[in-house]
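# Breakdown of the fold
One-letter residues, chain by chain:
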Amino acid sequence: MTAGGTTSVSREIVESGQRAAERSGESAGGESKRAAFRVWRGDSSGGAFEEYTTSVSEGMVVLDAIHQIQAESANDLAVRWNCKAGKCGSCSAEVNGMPRLMCMTRLNDLDLEKAVTVEPMRAFPPVRDLVTDVSWNFAVKKRIAKFKPRIPDAPDGTWRMAQSDVDRVQEFRKCIECFLCQDTCHVLRDHQKHDEFIGPRFLVHVAALEMHPLDIENRAAELRQAYGIGYCNITKCCTRVCPENITITDNAIIPLKERVVDEHYDPLRRLVRLFRRKS
Amino acid sequence: MATQVVQLRRRKWGETMRPDLWWIEPLIVFTILSSFLGYATWAAFQNTHYAYGNYLSPFYSPLLFSEFRESWFGPKPGGWPGWLPFSPALLILPFPAGFRLTCYYYRGAYYKAFWSDPPSCTVGEPRTGYRGERSLPLVLQNVHRYFLYFALAFLVFLSIDVWKAMWFTDPGTGVRHFGIGVGTILLVANVILLGGYTFGCHSLRHLVGGYVDRLSGAPARKKAYDCVSCFNRGHMRWAWASLFMVAFCDIYIRMLSLGIWHDWRLL
Ligand code: SF4
Ligand code: SF4
Ligand code: FES
Ligand code: FES
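Residue numbers restart at each chain and count upward from 1, following the sequence in its written direction. To read the labels, note that chains go from A and ligands from 1, taken in the order they are written. Residues qualify for local features only when their pLDDT is at least 70, as the model is predicted, and side-chain atom pairs are given and counted only at 80 or more; totals for whole chains, interfaces and linings, by contrast, use all residues. To obtain the side-chain values, all non-hydrogen atoms of the structure were used and water was disregarded.

### A few points about the interface of chain B and chain A
- If you look at the interface, chain B gives 53 residues, while chain A gives 68 residues.
- For the pair chain B and chain A, the two sides together bury roughly 5,200 Å², of which 50% comes from carbon and sulfur.
- Definition used for salt bridges: Asp or Glu carboxyl oxygen within 4 Å of a side-chain nitrogen of Lys or Arg. The interface formed by chain B and chain A holds seven salt bridges in total.
- Here R259 of chain A ties to D213 of chain B by a salt bridge, and the two come within 2.8 Å at their closest N and O atoms.
- Within 3.5 Å is the distance limit for a polar contact, defined as a pair of N or O atoms, with the added protein rule that one can donate a hydrogen and the other accept it, and that residues adjacent in sequence qualify only through two side-chain atoms. Across the chain B-chain A interface, the total number found is 33 residue pairs in polar contact (both at pLDDT 80 or more).
- At the level of secondary structure, the elements contributing two or more residues to the side of chain B that touches chain A comprise α4 (104-115), α5 (144-164), α7 (202-210) and α8 (219-233) of chain B.
- The residue inventory of the side of chain B that touches chain A, partitioned by class, reads 21 nonpolar, 14 polar and 18 charged. Two residues form a contact once any of their heavy atoms are found within 4.5 Å. Reported buried area values correspond to the accessible surface (1.4 Å probe) lost by two parts on association, with both partners' losses combined. We count a stretch as a helix when DSSP gives it H or I for four or more residues in a row; a strand needs E for two or more, and each element gets its number in order from the N terminus. Residues are grouped as follows: nonpolar covers Ala, Val, Leu, Ile, Met, Phe, Trp, Tyr, Cys and Pro; charged covers Asp, Glu, Lys and Arg; every other residue, Gly included, is treated as polar.

Pasting the structure below:
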């Protein structure tokens, strides 16, 4: 959380932002624009939107505006951020109702005629203002069966893998754990099945392990029971919000659902397995 | 692990901070799917005007019984109870209908459009209870791959219909000769679009290779998997295009049979 700790940094950003604004104002020959932001202020006991206005200039992102507001009119506004480059996954929030990374949401992609709403993620408990407690996710990750490689291919304890086999899981490894997909998933967001469903982020994680060419662990039974994959009703909202453009539903969740079908819902396959085991 | 997750207030049905017209997409899906369902049901019950010359409506193919033309088992079975409506389409349509109903793409789309579960991403839902596809009845969606097996067979039947749609009988001499009419082209397009839809099926993608983690050792399997994956990327578009086309083929042939439209022969 960076309510106070980042003030000096944000001041620098404000100043550099203002300089940029002045520059762009000069070159365009126009005046600097002001935009309104409705920011959720509160904590786990409740809260409300408060409206702030601040000057905006070309190239600014929502996080810049939030930092400016923090510097100008709300010093105690809590916001979490780190890299400002869409790589750390810290600045997740809901901008105009959609889960977004604040540092990657450009103001010129938003309608600034109306106030832009910025609120914390709704699938997790609010800590303060835009900061939520995402620790549930880390607890979930610990429950997932770890990577279990087959015995080494070479006597020196190393393995051989074909690039084309690794390519398939490479996509899943792009995840920055921003948890925007968890936030948008209605199973968590609206139905609060946190105890029974691990959410799209961890289905991506399971897919990365399960489809790995070296891994020999079978997670189908857990997927069905403990991980609750059946709760996903493939509405693809997670895929829509992923800042890393991971095809969560089509490439991770549905193939895992099919693996669960193989083991638990396909009577013909069961029969074949039964005979194979006997023979 | 019991987690106590205290959240912000749950949003009510249709409540959202999204300023865009989020309801348009589910509304379009709802309108198209219910119109298709309405038309297909009506057409299936007609038991007439489903063929014209060498064209057979895809809603009635394969033709198991028919009073009017060559079919697999001849006319309607003798012992059929009089009170029960009969149409050969009703016997075969459950298969393609089940295929689409359990299709992963359509599932996601109609859960939103017909069941508001959710109405659209990050929009509040009407119900608090939720079971998803984990228990009955929706756990039955997992039969999808069985419908796929039938869908693959239907592609063969429809291709045979296309072949037949290329052979026209001269009304004067009774001689059959090769030709192409607008109807032939429509039936070809129907098979191509249905093929694109079926070959991009998620279950097929799994069965041809998705279940294997090391495809590099099986080049033919890898090719098949890549090919299905390629169709799969456009699965939504194939799904809608093939839906339109199958309905339009029926409309076209019905119109020809009713004498309202006339088939235009290109060859
Ligand atoms: S596709 Fe599944 S996991 Fe993704 S948001 Fe929808 S219900 Fe959640
Ligand atoms: S899968 Fe995408 S949206 Fe989900 S946590 Fe990873 S990067 Fe974020
Ligand atoms: S600050 Fe790191 S992703 Fe936004
Ligand atoms: S997933 Fe759409 S047809 Fe199988």
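### Quick word on the domain arrangement of chain A
Residues and elements named next belong to chain A.
- Segmentation of the chain into domains, including their bounds, is taken from an automatic or database domain assignment. When its domains are assigned, chain A resolves into domain 1 (3-132) and domain 2 (135-269).
- Every contact between the two is made by 15 residues of domain 1 and, on the other side, 17 residues of domain 2.
- Between domain 1 and domain 2 the total buried area reaches about 1,200 Å² when both faces are included, carbon and sulfur atoms providing 61% of it.
- Three residues stand out in domain 1 for area buried against domain 2, namely P99, A123 and F124, and they jointly supply 42% of the buried area on that side.
- If you look at where domain 1 meets domain 2, you find two salt bridges.
- E94 serves as the salt-bridge partner of R189, at 2.8 Å between the closest nitrogen and oxygen.
- The tally of links from domain 1 across to domain 2 stands at six residue pairs in polar contact (both at pLDDT 80 or more).
- In the side of domain 1 that touches domain 2, the residues fall into eight nonpolar, three polar and four charged.

### Points about the confidence of the model for chain A
- Chain-level statistics for chain A give a pLDDT mean of 90 and a share of 89% at 70 or above.
- For every residue, the predictor states its confidence as a pLDDT score lying anywhere from 0 to 100. Within the model, pLDDT remains below 50 along residues 1-30 of chain A, and this stretch shows 32 contacts once partners closer than five positions in the same chain are excluded.

### Here we look at the packing of helix α10 (residues 248-265) of chain A against α7 of chain B
- Across the interface, α10 of chain A lies against α7 of chain B with an axial gap of 10 Å and an inter-helix angle of 75 degrees. What the angle tells us is that α10 of chain A and α7 of chain B run roughly perpendicular. Each of D250, N251, I254, P255, E258, R259 and D262 of chain A in α10 of chain A lies in contact with α7 of chain B, whose residues at this interface are H202, S203, R205, H206 and G210 of chain B.
- Of the residues contributing to the contact of α10 of chain A with α7 of chain B, the split by class is two nonpolar, five polar and five charged. Note on method: axes are straight lines fitted to C-alpha atoms, helices fitted across the in-contact stretch only, with angles between N-to-C directions ranging 0 to 180 degrees. Should an angle lie under 35 degrees it is considered roughly parallel, over 145 roughly antiparallel, and from 65 to 115 roughly perpendicular; all remaining angles are considered oblique.

### Re the pattern of salt bridges
- A complete count under the given rule lists 27 salt bridges over all chains for this structure.
- With a closest N to O distance of 2.7 Å, E244 of chain A and K87 of chain A form a salt bridge. With E244 of chain A in the loop between α9 (237-241) and α10 and K87 of chain A in the loop between α2 (62-72) and β3 (92-95), this pair connects stretches of sequence that are 157 residues apart.
- Type-normalised accessible area, obtained with a 1.4 Å probe on protein chains alone, sets the label of each residue: buried when under 20%, exposed when over 50%, and partly exposed for intermediate values. A relative accessible area of 13% places E244 of chain A in the buried class.
- Judged by relative accessible area, K87 of chain A falls into the exposed class, the value being 52%.
- Across the pair R254 of chain B and D250 of chain B runs a salt bridge whose closest N-O atoms are separated by 3.0 Å. With a gap of four residues between them, R254 of chain B and D250 of chain B both fall in helix α9 (residues 235-258), about one helical turn apart.
- The exposure class assigned to R254 of chain B is buried, which follows from its relative accessible area of 6%.
- Look at the salt bridges and you will find they share partners, linking E258, D262, D266 and R269 of chain A together with R145 of chain B into a network.

### Topic: the pairing of strand β2 (residues 46-56) of chain A
Residues and elements named next belong to chain A.
- Where strand β1 (residues 33-43) and β2 come together, eleven bridges link them in antiparallel fashion. Within β2, the residue paired with F37 across the bridge is Y52.
- The criterion for strand pairing is that DSSP finds at least two bridges linking the strands in question. The hairpin formed by β1 and β2 contains two residues between the paired strands.

### Overview of the site of ligand 1
Residues and elements named next belong to chain A.
- In the vicinity of ligand 1, the contacting residues are C185, H186, P200, C232, N233, I234, T235, K236, C237, C238, T249 and I253.
- Going through the elements one at a time, α9 and α10 are the ones with two or more residues in the shell around ligand 1.
- A class-by-class count of the residues in the shell around ligand 1 yields seven nonpolar, four polar and one charged. Nearness of a residue to a molecule or strand requires only that one of the residue's heavy atoms be within 4 Å of it.

### As for the nonpolar core
- Put simply, buried Ala, Val, Leu, Ile, Met, Phe, Trp, Tyr and Cys residues joined by side-chain atoms within 4.5 Å make one nonpolar core. The biggest cluster of nonpolar side chains holds 76 residues, and the ones touching the most others in it are F37, I66, M102, L107 and F172 of chain A.
- For F172 of chain A, the residues in contact, after removing those within four places along its chain, are V204, A207, A208, M211, I246, N251 and A252 of chain A.
- Counting 34 residues, the second-largest nonpolar core is a separate cluster that includes F59, L148, L204 and L207 of chain B.

### Points about the state of the cysteines
- In plain terms, two cysteine sulfur atoms within 2.5 Å form what is called a disulfide here. Per the counting criterion, the structure on display carries one disulfide over all chains.
- Sulfur-sulfur distance for the disulfide between C237 of chain A and C121 of chain B comes to 2.1 Å. Negative torsions about the S-S bond denote left-handed disulfides, and the value of about -85 degrees found for C237 of chain A with C121 of chain B makes this one left-handed. Of this pair, C237 of chain A sits in helix α9 while C121 of chain B sits in the loop between α4 and α5, which puts the two residues in different chains. For the pair shown, C237 of chain A and C121 of chain B are each scored as buried.

### Regarding the pairing of β1 of chain A
- Both β1 of chain A and strand β5 (residues 116-119) of chain A contribute to a ladder of three bridges, which runs parallel. Directly across from F37 of chain A, in β5 of chain A, lies its bridge partner V116 of chain A.

### Re the packing of aromatic side chains
All names here are of chain B.
- Think of it this way: a Phe, Tyr or Trp ring, Trp meaning its six-membered ring, pairs with another when their centres are within 6.5 Å, and the plane angle makes it stacked under 30 degrees, edge-to-face over 60, tilted otherwise. Scanning all chains against the criterion turns up 35 aromatic pairs over all chains.
- Ring geometry for W72 and F73: centres 6.2 Å apart, planes at 80 degrees, overall edge-to-face.
- A cation sits over an aromatic face here: R265 above F168, 3.9 Å from the ring centre. Any Lys NZ or Arg CZ found within 6 Å of a ring centre and within 35 degrees of that ring's normal is scored as a charge over the ring.

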